[in-house]
Amino acid sequence: MDTAEHIKHLAREGRLLADAAEEAGCDAEVRPCPGWEVRHLLRHTGMVHRWATAFVAEGLTSYRPGGGEPDLDGPALLDWYREGHERLVTALTGAPDALECWTFLPAPSPVAFWARRQAHETTVHRVDAESALGLVAGRSAVGAELAADGIDELLRGFHGRAGSRVRTDRPGALRVRTTDTGDVWRVALSAEPPRTERTAGRAPKAVAVAVAGGASDGPSDAVAGGPAECELSGTAEALYLSLWNRLPAGTPAVTVTGDDRLARLWRETSAVTW
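Residues numbered from 1 in each chain as written. Predicted model: local features only at pLDDT ≥ 70, side-chain atom pairs only at ≥ 80, totals over all residues. Heavy atoms only, no water.

### Here we look at the side chain of glutamate 13
Part 1 of the reasoning: On the secondary structure map, glutamate 13 appears in helix H1 (residues 3–24).
Part 2 of the reasoning: Those residues in contact with glutamate 13 that lie beyond four places of it in its chain are Thr122, Thr123 and Arg126. (Helix = DSSP H or I, 4+ residues; strand = E, 2+ residues; numbered from the N terminus. Contact = heavy atoms within 4.5 Å.)

### Concerning the packing of aromatic side chains
Part 1 of the reasoning: Applying the stated criterion across every chain, the model contains 15 aromatic pairs.
Part 2 of the reasoning: Centroid distance phenylalanine 158 to tryptophan 244: 6.0 Å. Interplanar angle 80°. Geometry classified as edge-to-face. One end of the pair, phenylalanine 158, is in the loop between helix H5 (144–157) and strand S1 (172–178); the other, tryptophan 244, is in the loop between helix H7 (236–243) and strand S5 (255–258), and 86 residues separate them in sequence. One exposure class covers both phenylalanine 158 and tryptophan 244, and it is buried.
Part 3 of the reasoning: Pairwise contacts between aromatic rings join Trp51, Phe55, Tyr63, Trp102, Phe104, Phe113, Trp114, Phe158 and Trp244 into one cluster. (Phe/Tyr/Trp six-rings, centres within 6.5 Å; stacked < 30°, edge-to-face > 60°. Buried < 20%, exposed > 50% of the residue type's maximum accessible area, 1.4 Å probe, protein only.)

### Section: the confidence of the model for the protein chain
Part 1 of the reasoning: Residues with a pLDDT of 70 or more make up 91% of the protein chain, whose mean pLDDT is 91.
Part 2 of the reasoning: Note on residues 201–218: pLDDT is under 50 here. Beyond four places in sequence and across chains, it has 19 contacts. (pLDDT = per-residue confidence, 0-100.)

### Let's talk about H7
Part 1 of the reasoning: By the criterion of burial, H7 is predominantly enclosed, with seven of the eight residues buried.
Part 2 of the reasoning: Turning to H7, its buried residues number three or more, namely Ala236, Ala238, Leu239, Tyr240, Leu241, Ser242 and Leu243.
Part 3 of the reasoning: Contact partners of the buried residues in H7: helix H4 (110–131), H5, S1, strand S4 (230–234) and helix H8 (261–269).
Part 4 of the reasoning: One or two positions beyond H7, positive phi appears at asparagine 245, with a value near 60°.

### Brief notes about the UniProt feature "domain: Mycothiol-dependent maleylpyruvate isomerase metal-binding" (unreviewed entry) in the protein chain
Part 1 of the reasoning: Those places that UniProt annotates as "domain: Mycothiol-dependent maleylpyruvate isomerase metal-binding" (unreviewed entry) correspond, in this numbering, to residues 10–129.
Part 2 of the reasoning: Secondary structure across residues 10–129 divides into 64% helix and 0% strand, with the first and last C-alpha atoms of the span separated by 15 Å. (UniProt positions renumbered as here; feature names shortened; annotations may be inferred.)

### Brief notes about the pattern of salt bridges
Part 1 of the reasoning: Per the stated rule, a full pass over the model turns up 22 salt bridges.
Part 2 of the reasoning: Salt-bridge contacts for arginine 39 lead to glutamate 37; the nearest nitrogen and oxygen are separated by 2.4 Å.
Part 3 of the reasoning: The closest approach of N and O atoms between arginine 126 and glutamate 130, which form a salt bridge, is 3.0 Å. With a gap of four residues between them, arginine 126 and glutamate 130 both fall in helix H4, about one helical turn apart. Pair check on accessibility: arginine 126 and glutamate 130 agree, each one buried.
Part 4 of the reasoning: One network of salt bridges, in which partners are shared, links Arg116, Asp149, Asp152, Arg156, Asp183 and Arg198. (Salt bridge = Lys/Arg side-chain N within 4 Å of Asp/Glu carboxyl O.)

Written out as structure tokens, the structure reads:
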């Protein structure tokens, strides 16, 4: 996905988040984030938006911590959130391609990094806001292309860093396979940070045929990427939400094949925190 597409998604998801938060009310529980109510979600996401805006708008070339969360609530908090979201979208839309600023994941450019990161930050938290309405997976779909892009950022970006806690003394490989976009990631797990390879370009129909030949015996190495002890498969949206731990364990939207030890390891250790 290109930068303009990420900004378009950021704008849409941010508006949906605010609308769901307003409908649910600031007292509503955000179940995917234990201990959070909608007010905490708005304060956190609004703070992150302002934090990201500073790097883009001011061209900051070194790390600077966030400015903290406001002591706001109710309509004033919603207004504050919406203002910060709009400022972020405006900053990214007007940023020059040659902008230099601090980033923390590999990307073609700083602008591309911040547009992608904030698109996914906001999408995941939009699902959180909609969960406060009693909807397990949100009410607004995550497009397949955006979801596949987000899986890639999570697996090869966040969990490609030295700080990833997804580690095990019993090495193995976890395969993640989308049934609609034809993308496959093989995540090699060990006592070191995960190492992920992506295979793309396989048509969904071809993937389905390959899996049909060996689904009963566990993950098929013919799908892509070499051997894997465990495979997670489903639509890009279902896998995106599951890998971000926004769908409950055992959801029928994601099929787990093979040794589910690695699936449990992911769920227990993969949380990304501020």
